[in-house]
Amino acid sequence: MQPKDEVNARQGIGSLEVGLSVLELISEHDAPVSLTKLSELAQMSPSRLHKYLVSLTKMGYVSQIENAKYALSNSSMRLGMSALKHLNPVEIAFDYASRLHQEFDKTITVTIWNGQAPLVVKWLDSSHFLPVNIRLGSELSPFNSAAGRIFLAFLPAQRKREIVENYFASPVTLPRHMGKSMSKTAFYLLLDEVKKEQQCRFKEDFLPDVNVIGAPVFNFDGSVNSVFSLIGNSSNTSVDNNSVYVKAVKAASVDATRKIAGIVE
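Since we're looking at a predicted model, the values are computed, not measured.

Hey, could you go over helix α6 (residues 89–104) for me, with residue numbers and the actual values?
Every α-helix carries 3.6 residues per turn, so stepping three or four residues along brings you back to the same face. Given a rise of 1.5 Å per residue, 16 residues ought to cover 22 Å, and the 23 Å separating the end C-alpha atoms of α6 matches this to within 8%. Inspection of α6 places Ile92, Ala93, Phe94, Tyr96, Ala97, Leu100 and Phe104 among the buried residues, and these make up the whole buried set. On its buried face, α6 is in contact with β4 (107–113), β5 (118–124), β10 (224–233) and α10 (244–260). Asp105 sits one or two residues past α6 and shows a positive phi near 55°.

Which residues make up the packing of helix α3 (residues 35–42) against helix α4 (residues 46–58), and what are the values?
Look at α3 against α4: their axes get within 10 Å of each other, and the N-to-C directions meet at 105°. If you check the angle between α3 and α4, you find them roughly perpendicular. Only Pro46, Leu49, His50 and Leu53 of α4 make contact with α3, whose side of the interface consists of Leu35, Leu38 and Ser39. In the contact of α3 with α4, the residues fall into five nonpolar, two polar and no charged.

Just give me the short version of the pairing of strand β3 (residues 69–72), but keep the residues and values in it.
Bridge count for strand β1 (residues 33–34) against β3 is two bridges, and the pairing is antiparallel. Residue Ser34 lies in a different strand from β3, and its bridge partner there is Lys69. Where strand β2 (residues 62–65) lies against β3, four bridges are found, and the strand directions are antiparallel. Looking across to β3, one finds that Gln64 is bridged to Tyr70.

Residue-level account of the sheet that holds β3, with values.
With respect to topology, three strands assemble into an open sheet ordered β1-β3-β2, the strand pairing being antiparallel. Edge positions in the open sheet fall to β1 and β2, since each of these has one partner strand only. Of the strands in this sheet, β1, β2 and β3 are in contact with helix α2 (residues 14–27), which crosses β3 at around 95°.

Report on the packing of aromatic side chains, specifying residues and quantitative values.
Taken as a whole and judged by the stated rule, the model has eight aromatic pairs. With 5.6 Å between their ring centres and 80° between their planes, Tyr167 and Phe168 make a pair best called edge-to-face. The rings of Phe143, Tyr167, Phe168 and Phe187 are connected pair by pair, giving a single aromatic cluster. Between the NZ or CZ atom of Arg99 and the centre of the ring of Tyr96, over which it lies, the distance is 4.3 Å. Its end group placed over the ring of Phe94, Lys122 keeps NZ or CZ at 5.0 Å from the ring centre.

Outline the environment of Val246, supporting the account with residue identities and numerical values.
Residue placement: Val246 occurs in helix α10. Counting along the chain gives 33 residues from Val246 to Ile213, while the straight-line C-alpha distance between them is 6.4 Å. Discounting residues that sit within four places of it in the chain, Val246 has contacts with Gln199, Arg201, Ile213, Ser238, Val239, Asp240 and Asn241.

Thresholds, definitions, all that
- Residues numbered from 1 in each chain as written.
- Predicted model: local features only at pLDDT ≥ 70, side-chain atom pairs only at ≥ 80, totals over all residues.
- Heavy atoms only, no water.
- Helix = DSSP H or I, 4+ residues; strand = E, 2+ residues; numbered from the N terminus.
- Expected span 1.5 Å × (residues − 1).
- Buried < 20%, exposed > 50% of the residue type's maximum accessible area, 1.4 Å probe, protein only.
- Contact = heavy atoms within 4.5 Å.
- Axes fitted to C-alpha atoms, helices over the stretch in contact; angles between N-to-C directions.
- Parallel < 35°, antiparallel > 145°, perpendicular 65-115°, else oblique.
- Nonpolar A, V, L, I, M, F, W, Y, C, P; charged D, E, K, R; others polar.
- Pairing = 2+ DSSP bridges.
- Phe/Tyr/Trp six-rings, centres within 6.5 Å; stacked < 30°, edge-to-face > 60°.
- Lys NZ or Arg CZ within 6 Å of the ring centre and 35° of its normal.

Okay, here's the thing in structure tokens:
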């Protein structure tokens, strides 16, 4: 890949770039947008903007509907679907996991849901010793892992209820959170919290001196594609809300999700 500065220095076709920027503005709206509004956003006169809209309409990328409003049309949809076919969401998650690993030198994992439990598909070791026996290919507990709780939180309600009810019918051990054992009711409430906050944090809950921070990466359809987890010694890996690690894992999950959705700054 060529350096960004070199690419930017190349001379392009200005009118094409303007037309694509107009297309992007339309794509950012959930509803059809008026010529007046587009003119304001594009910082372009309505008469000049209209010429671009005419061309985009002729090519099938934009359609004009009632009240002179504009929306994406068939060609834009075909382009988007084609781009999605070439995306590998798990590889995108791997890329952002590697960035976390390089920045913080913490153990980083990426897990996917295998239908019953989280499966570790990426393991990046810290240079510091960590007393865990989980490795690449390990299947984690849906109840006693940060990734497992995240996947459970976002499963369809019926499937989530089935898994939770089966476990609590005869639990080997009660799940713990922040040092306290949880009843079934408390566990359901925790899953609701995990879903709302889009993260899960462990503070020495299952292994002494080990903290974990997890966050989901979503597919473009809103389902959970994978989960990042950052694992570190509790003495130097805070899981408080204002922790740099909590913020970094959440930011990585958001950025990876945006890239999967085709939203790249």
